[in-house]
Structure formats: structure tokens, C-alpha cells
Amino acid sequence: MGLWSTSARWSGGALASLTALVACSSPEPAGFETVDQIVERGELIVLTLESPTTYHLDEDGEPEGYEVALVKDLAQELGVSVRYEPQRDLRQLLTNIAAGRGHLAAGGVTMTEARAAHVTFGPAYKTVTEQLVCRRGGPRIEALEDLSGVDIAVVQGSSYVETLQALRTDHPELEWRTVDAPSAMPLLEAVQAETLDCTVADSTLVAHARLRFPELLTPLDLSEERSLALVLPTETQLGEALDAWSERLHETGLLERLDQRWYGATRQFDYVDTARFIRRLEERLPALRPHFEAAAAETGIDWRWLASQAYQESHWDEDAVSATGVRGIMMLTLPTANELGVEDRTDPAQSIAGGARYLRDLMDRLPEDVQGRDRLFLALSAYNIGMGHLYDARRLAERQSLEKGRWGDVRKVLPLLSDPEHYRTLPRGYARGHEPVRYVSNIRRYRILLDLHLEA
């Protein structure tokens, strides 16, 4: 079926035929194995769907995504590796997991009663809202009644179809067509390109898509909050193990950290800022990219993080200057520039190289208990507020029984540096603690924007 083929709406009756759709030549199902058998196999087979937020391959060809991180944690607990099996679309994913062709499915699947009759839902891990998505300058939508005559397409077999069917009970004029697609992202692109009036997508995906397509609008929420969950065959043997694992997820705060990493930056959408970033990416970044890449080769810091930081500092303006006298692409102070051997702060190559060396030095000064991206984010906050104030924030985190080596915990206490009840007890005293929180958050958002547009 081509992308814009119309297909039968996927109702409960269609769901009942899932098992019958599996070819007789299918391999022996693995999905009915016990936990011991999975451990003996040494591999967890996971069906998934390709999406920017669920599953995709990063620049090194490694799986990445919110659901990938969830599954990775489960696999580590079981002591096994993961084999991902991307599916063509949601219909295929549910068909194959019902037939036991995987141990579980992690594809951002919404829990519905119709689906629960044919598959088993594991732990719910996130809630989303289904949103109508249109475009600036497109149909003016303020209520469901305004959708008459609007060209709407949604993913075949998705919960969006069930939502629209329920809404049509009171709005019989409501019409739509269904499309074969692994996620709503191709339809969001079509809305952006003005080849489709509107579509429906989960709020998390919409927030992510608007960073690439700032013209998208969400005039209506079509559902209450709904839960996303892992999906298993009805005869699964994983139930108890997953329940115990899910309980630990909540206790350790992993879900909160994953939400912050994958969706924290997207909550701060700003149409003007995003549109400006896209324009400057096209106009200013090409000339600067070689300098970022050279600095990355010298310091080992991904050039895209350096470029994102530089945009936060100067909007990639080599002549930028602040009221306090910092200058250039990386907005270096004169003393810092002198220490780094930067003779001309307005020279892009010198500024970028100097700023990257300074960030690398801050990363190296952090203790060994700070790992991974936490190391980068804490160093970025120190670039903004100073290492002394960062160490004060780490002290506060420790006092509050938080993990001082995790950015997610340190960011909670940084604003307390401007509270006299707290800063009077610290060696470095007062600081504008909200600023490094915004600073790192903006850099993370610009990194997402940069990745989206480099991959486009």
C-alpha cells in the first residue's frame, strides 16, 4: 500500500483477526518463553516502531529513543542483550506481538480496551494527550464542528482512529482517511508541507515535531490523558518480572530522568525563537561548522554540543558583546581569553577553540562520580555560573539527599543559590541560580533543533 492509500478503519472486529494474519510459515514464537529461557537465550527480542522519540539509530548507528532507554534498563536487569525488530507499522507490530514473534513490543502504544482483548499490556510508563495538528495559515479550527470538509489523515490502526470514531457519534460530519505509516511523523511533515490540512498525534511527538516544523499548531485536544505501555503476547511469562521492574523504575526516578532528557526541552517551545534558529542555521552555521568540528577534534566534545552552546551564547554572531564585556561566538571574558591564549575574541576560530578548551577543562575538573551527559551538563552550568557556585549546588544536593553527580538533581537546587536561607551557608554565597538551569535547558533544546535539521 502506498502512503496515501485508504484502508479499512481498524476496529475491534479487525483486531480479532490479528492471529489469523500471521503466516503459517512464521518461526517458532519466542514471546511465550519464561524469564529463565530468555536469560538462557541471552537476548530480549523487542518489536518497535521507528520514530524520533521512540526508536531510531544515532550517528554511530546505535539504537536511541525513550523506549530504547526503557528497554535497555530492563535488559540490564535481566542480564541480556536486546535485538530490536522495527515493524512496518502499528498493525504489523500488534499482529506480530500477538503471535509471539517478540518478547515484548515498545512502540509508544496507547492502552485501549479493544487492543487489550488480543494482547497483554505491561506496565504503563507515560501519559499523552491526542491532539489535532494543523498549520498556521491553514483551516481555522476552534471546535469539532469546524472540521467539516477539512482533509484529515491519521495513522492506520492507531488509537487516533478509535478516538475519531467515538467523536463521530456526536459529530457525524467528521471524516478522515487512514495511512500506512510507522508513526504520525510523516503526516506531520505533510501538514507542514501543506499537502494535508490536519492530522492527529500524541502530544509528546507533536512537541518534538514543532521544533523542526514551528508552523504546526494544536487547535484541539481530542482526548483526555492516556497511558502508553509495553505490549506483550497474551500468553506472556514476563508479567511478574515486568511488574517488579516497573516498581523499581518509579522508586529510582528513572522515568522522571527519561522524561527530562527526551521531553524536557520540547516543553519550552517558542515559535519566534525556533523560527529564528532555523533561519540562522541556514545563514550562519555553514561558515562556522568547520571551526566547531576542529574544536571537537581537539577536545573530544561533539561539535553539535559546541554549536548549540555557541548559539545560546551569541546566536552565532562573531561580533556579539554583552553589557559585562564578554565577546565573540563563545562570549569569553577577557581574563578567560588571556588564560586560553585567545588573542582576538571576535575571531570565530579562536573563540570557538578557546571556548571548547575551557568547557573541556571544566569537564575534566569534575570528580569521577559524574558520568556521561551529566558530566557535560554540569560543566555547561559551571561555564555559565562558575565552578565554585556549581560545587555549592552540589553541597545543597547532598544536604537534601539528592545525587550531586546527576544534573537532574543538581538543577533542582541551583535556584536555591539566590535564597539567603541557603546561600548564606555556602562558601561562594549568592548566585543567580536560575540562570544555569535555563542555560543548559536552552542548549539541550538547540541541540535537538540542530539534530532535527541536519537530518532533514
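That block above? That's the structure.
Attention in this report is confined to the structure presented alongside it. Remember, it's a predicted structure, so these values are computed and weren't measured experimentally.

1. Side note on the state of the cysteines
- All told, the structure shown has one disulfide when counted by the stated rule.
- Paired by a disulfide, Cys134 and Cys198 hold their sulfur atoms 2.1 Å apart. The sign of the 110° torsion about the S-S bond sets the Cys134-Cys198 disulfide as right-handed. A residue pair is termed long-range when its members are at least 10 positions apart, and Cys134 in strand β7 (residues 130–135) and Cys198 in the loop between α7 (185–192) and β10 (199–202) qualify at 64 residues. Cys198 shares its class with Cys134; the two are buried.

2. Considerations on the nonpolar core
- Formed by 59 residues in total, the largest nonpolar core has its most connected members in Phe292, Trp316 and Leu359.
- Ranked by residues supplied to this core, first place goes to helix α20 (residues 434–455) with nine residues.
- The contact partners of Leu359, leaving out residues within four places of it in the chain, are Ile301, Leu306, Gln309, Leu376, Ala379, Leu380 and Tyr383.
- With 35 residues, the next largest nonpolar core counts Leu167, Met185, Cys198 and Ala201 among its residues.

3. Re the sheet that holds strand β12 (residues 226–232)
- Sheet architecture is open: five strands sit in the order β4-β1-β5-β12-β6, paired in mixed fashion. In the strand order of this sheet, the two ends are held by β4 (81–86) and β6 (120–128), each with one partner. Pairs of neighbouring strands in the sheet enclose a mean axial angle of 25°, with direction left out of account.

4. Some words on the pattern of salt bridges
- This structure, assessed with the given rule, holds 30 salt bridges.
- A salt bridge links Arg276 to Asp273; the nearest nitrogen and oxygen atoms lie 3.8 Å apart. With Arg276 and Asp273 both in helix α11 (residues 271–283) and three residues apart, this pair spans about one turn of that helix.
- In this structure Arg276 comes out as partly exposed when scored by relative accessible area, which is 25%.

Reading guide: rules and limits
- Residues numbered from 1 in each chain as written.
- Predicted model: local features only at pLDDT ≥ 70, side-chain atom pairs only at ≥ 80, totals over all residues.
- Heavy atoms only, no water.
- Disulfide = S-S within 2.5 Å.
- Helix = DSSP H or I, 4+ residues; strand = E, 2+ residues; numbered from the N terminus.
- Buried < 20%, exposed > 50% of the residue type's maximum accessible area, 1.4 Å probe, protein only.
- Core = buried A, V, L, I, M, F, W, Y, C linked by side-chain atoms within 4.5 Å.
- Contact = heavy atoms within 4.5 Å.
- Pairing = 2+ DSSP bridges.
- Axes fitted to C-alpha atoms, helices over the stretch in contact; angles between N-to-C directions.
- Salt bridge = Lys/Arg side-chain N within 4 Å of Asp/Glu carboxyl O.

Any functional reading would require information that these geometric values do not contain.
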